[in-house]
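Summary of the model geometry
Now for the letters of each chain:
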Amino acid sequence: MFKLYTDKINTFKCRVTLEGATESTALARLVIEGQNHNLMFDGKIKDGICAVNIGKFKNFGDFKDKGNIKLEVIADDVYFIPWKSEYSVGQSKTVFVEMIEEKTSSKPPVS
């Protein structure tokens, strides 16, 4: 499962090996599938590394906490889906608070 964070910049990176196709003309994009629409992010393939900058996922409030994500590669006019997975949305940092009951004294103050 691929994790998308709402509180930090998300970058998808993977190694891509193209055989019989030219890397310099290949296009990569990451597709995050929603119920009513999809988000597409263009990526770059350089020296065998595919990188896609997604940004902070808090800016995409219409998408649920889970869904499907896939990498599309177009190389020499051929369309590939070399990777797909489910995604989940969360935070990289969390804060928990536990309330401690403060007891007050029932005795009157001494003066």
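Here's a quick rundown of the structure. Nothing here was measured: the structure is a model prediction, and the numbers come from that model.

Quick look at the overall build of the chain
A tally of helices and strands in the chain yields zero helices and seven strands. The secondary structure elements of the chain, listed N-terminal to C-terminal, are β-β-β-β-β-β-β. Relative to a compact globule of 111 residues, whose C-alpha radius of gyration would be 13 Å, the chain shows 23 Å and is clearly more extended. Evaluated residue by residue, the chain yields a buried proportion of 32% over its 111 residues. Considering only contacts within the chain whose residues lie at least 6 apart along the sequence, 63% involve residues at least 24 apart. Of the roughly 8,600 Å² of accessible surface on the chain, 49% is carried by carbon and sulfur atoms. In the chain, 16 positive and 15 negative side-chain charges are present, and the distance between their average locations comes to 6 Å.

Digging into the pattern of salt bridges
The final tally for this structure, using the stated rule, is three salt bridges. One salt bridge connects Lys-70 with Glu-33, and the closest N-O pair in it is separated by 3.5 Å. One end of the pair, Lys-70, is in strand 6 (residues 66-75); the other, Glu-33, is in strand 3 (residues 27-33), with 37 residues separating them in the sequence. Since its relative accessible area comes to 18%, Lys-70 is described here as buried. For Lys-70, the salt bridge identified is with Glu-72, shortest N-O distance 3.8 Å.

Comments concerning the environment of Glu-86
Note on placement: Glu-86 falls in strand 7 (residues 78-90). Filtering out sequence-adjacent residues up to four positions away, Glu-86 remains in contact with Met-1, Phe-2, Gly-67, Asn-68 and Ile-69.

Side note on the packing of aromatic side chains
Applying the stated criterion to the full structure yields four aromatic pairs. Ring plane angle 75° and centroid distance 6.0 Å describe the contact between Phe-2 and Trp-83, whose orientation is recorded as edge-to-face. Of this pair, Phe-2 sits in strand 1 (residues 2-5) while Trp-83 sits in strand 7, and the two are 81 residues apart along the sequence. When the centroid spacing of 4.9 Å and the interplanar angle of 45° are considered together, the rings of Phe-12 and Trp-83 count as tilted. Of the two residues, Phe-12 is situated in strand 2 (residues 10-15) and Trp-83 in strand 7; the sequence distance between them amounts to 71 residues. Judged by its relative accessible area of 27%, Trp-83 falls in the partly exposed class. Joined through ring pairs, the aromatic side chains of Phe-2, Phe-12 and Trp-83 make up one cluster. The ring of Tyr-5 has Lys-8 lying over it, and the distance from NZ or CZ to the ring centre is 4.7 Å.

Here is what the cut-offs are and how they apply
- Residues numbered from 1 in each chain as written.
- Predicted model: local features only at pLDDT ≥ 70, side-chain atom pairs only at ≥ 80, totals over all residues.
- Heavy atoms only, no water.
- Helix = DSSP H or I, 4+ residues; strand = E, 2+ residues; numbered from the N terminus.
- Rg over C-alpha atoms; globule rule 2.2 N^0.38 Å.
- Buried < 20%, exposed > 50% of the residue type's maximum accessible area, 1.4 Å probe, protein only.
- Contact = heavy atoms within 4.5 Å.
- Areas by Shrake-Rupley, 256 points an atom, 1.4 Å probe, with all protein chains shown as cover.
- Lys, Arg positive; Asp, Glu negative; His and termini not counted.
- Charge placed at Lys NZ, Arg CZ, Asp CG, Glu CD.
- Salt bridge = Lys/Arg side-chain N within 4 Å of Asp/Glu carboxyl O.
- Phe/Tyr/Trp six-rings, centres within 6.5 Å; stacked < 30°, edge-to-face > 60°.
- Lys NZ or Arg CZ within 6 Å of the ring centre and 35° of its normal.

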